[in-house]
Amino acid sequence: MGQSAMQLGAGITRNAVIMPIRNYAAPAMRRCIQSLRRQAPDPETVDILMADYGSTPAEAAAAEALAGECGARYAWFDVDGPWNRSRAINFGVKATAAPVVVTSDADLVFAPNFASTVLALAERFADRDFYAHAPMMDLPENLAIDLDDYDADYQRLLSVAKERVWSKGNVVFSRSLFERMRGWEEAYRIWGCEDNDFYDRATRSEATVCDLKGMTSFLHHWHPSNKRGREAAAQV
């Protein structure tokens, strides 16, 4: 099974993508990772880390194998208790040394220019704390996700997606801002509140805050609700 956070010896990469999971559906995770690796094949440029917050042994073994197949790293955190997305993110960020971090749920597909947009932000704001959010585009239920021709298929899917205007859950930020704000607040129980809290604190800080709408985006697969900590089998 994967190493604990204290055992990981990640080198410094230009940015890291933290994907918090627990007992999650393999097809969704595979699509998410592959959508990033297609545009950022070098792990020294983009370090993708699956932060497994207490999956069952069978699910953890499957997730670790999938990570190896798709060019991601995997870390299993030995926890007992309810799902806590904030804590999973905090564990994951601390398990990488990257100066720029992206948080990503496992049910996303990234725009073909997402990695290049993040790398440009990292260069532009290398001397300061920053926070950026991109629009989450919700796909309709029962839509087949075919990405054989990635650029064209992404645009086709984007044309039928609807923007989730309140979402601040999948963001880009400097490690220095994360450390200054002491990460995500782990007391929240209702899904999404922890993201809005991090956004609110970032906007009240001296960090540069950017809206990436019109620059890049990501698609959100439909799946049954995960509200109030209930885990759903992601039908994606």
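Each value, and the rule that gives it
- Residues numbered from 1 in each chain as written.
- Predicted model: local features only at pLDDT ≥ 70, side-chain atom pairs only at ≥ 80, totals over all residues.
- Heavy atoms only, no water.
- Pairing = 2+ DSSP bridges.
- Helix = DSSP H or I, 4+ residues; strand = E, 2+ residues; numbered from the N terminus.
- Axes fitted to C-alpha atoms, helices over the stretch in contact; angles between N-to-C directions.
- Contact = heavy atoms within 4.5 Å.
- Salt bridge = Lys/Arg side-chain N within 4 Å of Asp/Glu carboxyl O.
- Expected span 1.5 Å × (residues − 1).
- Core = buried A, V, L, I, M, F, W, Y, C linked by side-chain atoms within 4.5 Å.
- Buried < 20%, exposed > 50% of the residue type's maximum accessible area, 1.4 Å probe, protein only.
- Patch = residues over 30% accessible without salt bridge, like charges linked within 9 Å, V, L, I, M, F, W, Y side chains within 5 Å.
- Areas by Shrake-Rupley, 256 points an atom, 1.4 Å probe, with all protein chains shown as cover.
- Lys, Arg positive; Asp, Glu negative; His and termini not counted.
- Charge placed at Lys NZ, Arg CZ, Asp CG, Glu CD.
- Right-handed = clockwise from strand over helix to strand, strands pointing away.

**Student:** What am I meant to see in the sheet that holds strand β1 (residues 15–21) here?
**Tutor:** Note: strands within a sheet are paired through backbone hydrogen bonds, in either parallel or antiparallel orientation. The mixed open sheet is built from 7 strands, whose spatial order is β3-β2-β1-β4-β9-β6-β10. Both outer strands of the open sheet, β3 (73–77) and β10 (208–211), are each paired with one neighbouring strand and no more. Adjacent strand axes in the sheet meet at a mean angle of 20° when their direction is disregarded. Here 3 bridges tie strand β4 (residues 100–103) to strand β9 (residues 171–174), and the two strands are oriented antiparallel to one another. Note that in β9 the partner of V102 across the bridge is V172. This element, helix α2 (residues 57–70), spans β1, β2 (46–53) and β3 of the sheet and lies at about 160° to β3.

**Student:** Quick question: what am I supposed to make of the pattern of salt bridges here?
**Tutor:** Any two side chains of opposite charge can pair, on the condition that their charged atoms come close. In the structure shown here, the tally under the stated rule is 13 salt bridges. Linking K213 and E163 is a salt bridge whose minimum nitrogen-to-oxygen distance equals 3.1 Å. Placement of K213 in the loop between β10 and β11 (218–220) and of E163 in strand β8 (residues 162–164) is noted, with a sequence separation of 50 residues between them. The network of salt bridges with common partners includes R85, D105, E194 and D195.

**Student:** Sorry if this is basic, but what is going on with α2 here?
**Tutor:** Every α-helical turn comprises 3.6 residues, leaving residues that sit three or four positions apart pointing alike. Helix length check: α2, at 14 residues, gives a terminal C-alpha distance of 20 Å against a target of 20 Å (1.5 Å per residue), a fit within 8%. Residues of α2 that are buried in the fold lie against β1, α1 (26–37), β2 and β3. One or two steps after α2, the chain reaches G71, where phi turns positive at roughly 80°.

**Student:** Explain the nonpolar core to me, please; I cannot follow it from the model alone.
**Tutor:** Side chains that are nonpolar tend, in soluble globular proteins, to be buried together. With 41 residues, the main nonpolar core has M19, I21, M29, I33, M50, F114 and V172 as its most contacted residues. Once residues lying within four places of it in the same chain are set aside, the contact partners of V172 are V100, V101, V102, F114, V118, F130, Y131 and A132. Among the nonpolar cores identified, the runner-up in size contains 19 residues, and L49, A51, F178 and A202 belong to it.

**Student:** Help me understand a negative patch on the surface in this model?
**Tutor:** Together, D146, D148, D149 and D151 make up a negatively charged patch on the protein surface. With respect to the element layout, D146 can be found in the loop between β7 (136–138) and α5 (150–158). Judged by relative accessible area, which is 37%, D146 ranks as partly exposed.

**Student:** Help me understand the pairing of β2, please; the structure alone is not making it clear to me.
**Tutor:** A regular strand places its side chains so that they alternate between the two faces of the sheet. Taken across its 8 residues, β2 has 8 buried, putting it largely inside the fold. Here β2 shows a buried face lined by V46, I48, M50 and D52 and a second buried face lined by D47, L49, A51 and Y53. Here 7 bridges tie β1 to β2, and the two strands are oriented parallel to one another. Looking across to β2, one finds that A16 is bridged to D47. The β-α-β motif built from β1, the intervening α1 and the parallel element β2 has right-handed crossover chirality. Taken together, the 5 bridges between β2 and β3 define a ladder with parallel strand orientation. Its bridge partner being in β3, A51 is matched across the sheet by A75. Note on the crossover from β2 through α2 to β3: the handedness is right-handed.

**Student:** How should the sheet that holds β8 be read in this particular structure?
**Tutor:** Across the sheet, 4 strands lie side by side as β5-β11-β7-β8; this open sheet has mixed pairing. Every other strand in the sheet has two partners, leaving β5 (108–110) and β8 as the edge strands with one partner each. Strand after strand, the sheet turns through a mean of 35° between neighbouring axes, direction not considered. With 3 bridges joining them, β7 and β11 adopt parallel strand pairing. By the bridge assignment for β11, M136 is matched with F218.

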